[in-house]
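Chain residues, written in single-letter form:
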Amino acid sequence: MDIVLAQEYIMNLRTYITGLLFFVAISGFSQETWTLDECVAYAIEHNLQVKNTNYNRDSSKETYRQSIRDLLPSVGGYTDYRIRYGRSADPNTNDYVNTEFFSNNYSLSANMGLFQGFQKLNSIKASKFILKATQEDVLQEKFLLAFRVMSAFYDIKFYEGLVANSLEQQEISQANYDLVAKQVELGIMAGADLYEAESNLLGDKLLVTQNRNLLTNAKLVLLQEMNLNEVTDITLQETLEPLPNEIESAPLDSLYETARGFVPLVKSQEYRVSAAKKQLQAARGTLYPSLSLVAGYGTSYFETNVDENGNIIPFKTQFNDNTSKFVGAELSIPISNGWSNHSRVKQQKIAYLQAQNNLKIQEQELFQLLQQLVQTNQALIAEYEQSNQKVEAQQLAFTIAQKRYEKGLINALDLFQAKNLYGVAQNENLQVGLRLRVNKSTIDFYSGLPIFNIN
């Protein structure tokens, strides 16, 4: 009985230790602090859309390799085994016989294109450009994901700031409530003042709850962008690099020239224009005659092939005696084909013009985006400077109002209004500062600076 209890105790102890280690591991993982670069790197590694673009690139790579292998000769073999019944022609003598017999045929042929209007060479170049375009597509998808992660990252920092500001407002309301409660107890203030202070305190507590809910939702957005499904919460680095005292506005022309040279979306479309041009040249190649070198080897075996004594000639002897070989050249001249080759050329020319137009669209959209970023940057710089001044002024006004309230010079409504104005100024300053930070990081990216650690 004691042995059974001891074994049960050991099993329970193992279960407890295993559960404790699992809890510690989960807790340690959930309490890990993430930087922006770490969030971006994790998202890129686990994002399914990035994997899709990688598959597209791999498919284009195989297409390019096969276009090179298409230059090799085409070699094929053939064999058959046929049993004939009833009245049929003897393949050896072409006489009709009424007997059952079988035959074997073997052949090996090769075809090598010598000239096809440079179709294969242009197809190789086109597939190579497509491969380069898909490589840029992978990079573009990574950059888009990085920007979404950055936006979600700073949204969390914004709502964390809102929670901190609302907690500060709650502490102020709590201190005012405690002060009013003491003064009501001493008979200095009326009970109505306590109700007003309590109402302000409850309003601030509700605001804290609302801001925490917004923060939880913002964290969920980041976790979804990162495809981080193992946890329900994430902890980000507490401090961000301070904004410089003076933020210069980047000139639009130089910014566009720099971005135009490396933005993956534009480069990808450039490669597609080059690919469409080569595809057009390949389509024109179908209008020219094609020349091929052909060669073949064949032999056969017939059960009806007998010697002068009526014995079936052995397989090896027939295999050697029935051998046939050929070598030659084939010239194919397209004459009509229902005008299909000309139609393909016209269609490919339209595709080439469309690719050029798509490139102009991408360039236009890039210029408009940068134009908007520069204009927004100038506006946010001015807003941020004024917002800092407003926070200082509202903080001073609230401090004065609080002292006047303690001396009974103003009522609770005036104090509540001053506190709210101070809180609004803090929130506006936080929002403008983070918007300026995101806008500046975006401009730095298009300026060619290494904002994201992406290969």
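Look a little higher up for the structure.
Residues numbered from 1 in each chain as written. Predicted model: local features only at pLDDT ≥ 70, side-chain atom pairs only at ≥ 80, totals over all residues. Heavy atoms only, no water.

Our focus in this paragraph is the pairing of strand 5 (residues 101-115). Two elements, strand 2 (residues 74-84) and strand 5, share 11 bridges in a ladder whose sense is antiparallel. Its bridge partner being in strand 5, Arg-82 is matched across the sheet by Ser-103. (Pairing = 2+ DSSP bridges. Helix = DSSP H or I, 4+ residues; strand = E, 2+ residues; numbered from the N terminus.)

Attention now moves to the packing of helix 4 (residues 119-186) against helix 5 (residues 191-226). One way to put it is that helix 4 packs onto helix 5 with a least axis distance of 8 Å and a crossing angle of 165 degrees. Viewed along their axes, helix 4 and helix 5 adopt a mutual orientation that is roughly antiparallel. Once helix 4 is placed against helix 5, the crossing between them reads as left-handed. Looking at the contact of helix 4 with helix 5, its residues break down into 23 nonpolar, 8 polar and 10 charged. (Axes fitted to C-alpha atoms, helices over the stretch in contact; angles between N-to-C directions. Parallel < 35°, antiparallel > 145°, perpendicular 65-115°, else oblique. Left-handed = near helix turned anticlockwise from the far one by under 90°. Nonpolar A, V, L, I, M, F, W, Y, C, P; charged D, E, K, R; others polar.)

If you look at the biggest cluster of nonpolar residues, it comprises 53 residues, and the most contacted ones within it are Cys-39, Leu-222, Met-226, Ile-234, Tyr-446 and Phe-452. Breaking this core down by element, the ones donating at least two residues are helix 2 (36-46), helix 4, helix 5, helix 6 (252-262), helix 7 (264-285), helix 9 (340-406) and helix 10 (412-446). A per-element tally of this core places helix 4 first, with 13 residues. Beyond its immediate stretch of four places on either side in the chain, Cys-39 contacts Trp-34, Val-149, Phe-153, Leu-222, Met-226, Ile-234 and Leu-236. Counting residues in each nonpolar core, the second largest holds 14 residues, with Ile-172, Val-180, Ala-401 and Ala-418 among its members. (Core = buried A, V, L, I, M, F, W, Y, C linked by side-chain atoms within 4.5 Å. Buried < 20%, exposed > 50% of the residue type's maximum accessible area, 1.4 Å probe, protein only. Contact = heavy atoms within 4.5 Å.)

Before going further, it helps to spend a moment on unusual backbone geometry. For Phe-118, which is not glycine, the phi dihedral falls at a positive 60 degrees. Counting through the fold element by element, Phe-118 comes out in the loop between strand 5 and helix 4. A positive phi angle, near 55 degrees, is found at Asn-227, a position not held by glycine. When you line up the elements, Asn-227 lands in the loop between helix 5 and strand 6 (235-236).

Following the criterion strictly, the structure yields 13 salt bridges and no others. A salt bridge links Asp-80 to Arg-82, with the nearest nitrogen and oxygen atoms 3.1 Å apart. Between Glu-160 and Lys-157 there is a salt bridge, and its shortest N-O distance comes to 3.0 Å. Placement of both Glu-160 and Lys-157 in helix 4 is noted, with a separation of 3 residues, approximately one turn of the helix. With a relative accessible area of 25%, Glu-160 lands in the partly exposed category. With a relative accessible area of 8%, Lys-157 lands in the buried category. Taken together, the shared-partner salt bridges connect Arg-260, Glu-270 and Glu-363 into one network. (Salt bridge = Lys/Arg side-chain N within 4 Å of Asp/Glu carboxyl O.)

This next bit is on the environment of Ile-313. With respect to the secondary-structure elements, Ile-313 resides in the loop between strand 7 (290-302) and helix 8 (315-321). As for Ile-313 and Phe-302, which are separated by 11 residues in sequence, their C-alpha atoms are 8.6 Å apart. If we ignore the near neighbours within four places in the chain, the residues touching Ile-313 are Tyr-301, Asn-305, Val-306, Asp-307 and Gln-318.

Structurally, His-46 is set in helix 2. By relative accessible area, which is 26% here, His-46 ends up partly exposed. Along the primary structure His-46 and Leu-228 are separated by 182 residues, whereas in three dimensions their C-alpha atoms are 8.1 Å apart. Not counting chain neighbours up to four residues away, the residues in contact with His-46 comprise Met-226 and Asn-227. Polar side-chain contacts of His-46 include one of 2.8 Å to the backbone oxygen of Tyr-42. (Polar contact = N/O pair within 3.5 Å; in protein donor to acceptor, adjacent residues only side chain to side chain.)

A few words now on the side chain of Thr-299. Looking at the element boundaries, Thr-299 is found in strand 7. Accessibility expressed as a relative area gives 5% for Thr-299, which makes it buried. Within the structure, Thr-299 has its side chain in polar contact with the backbone oxygen of Phe-319 (distance 2.6 Å).

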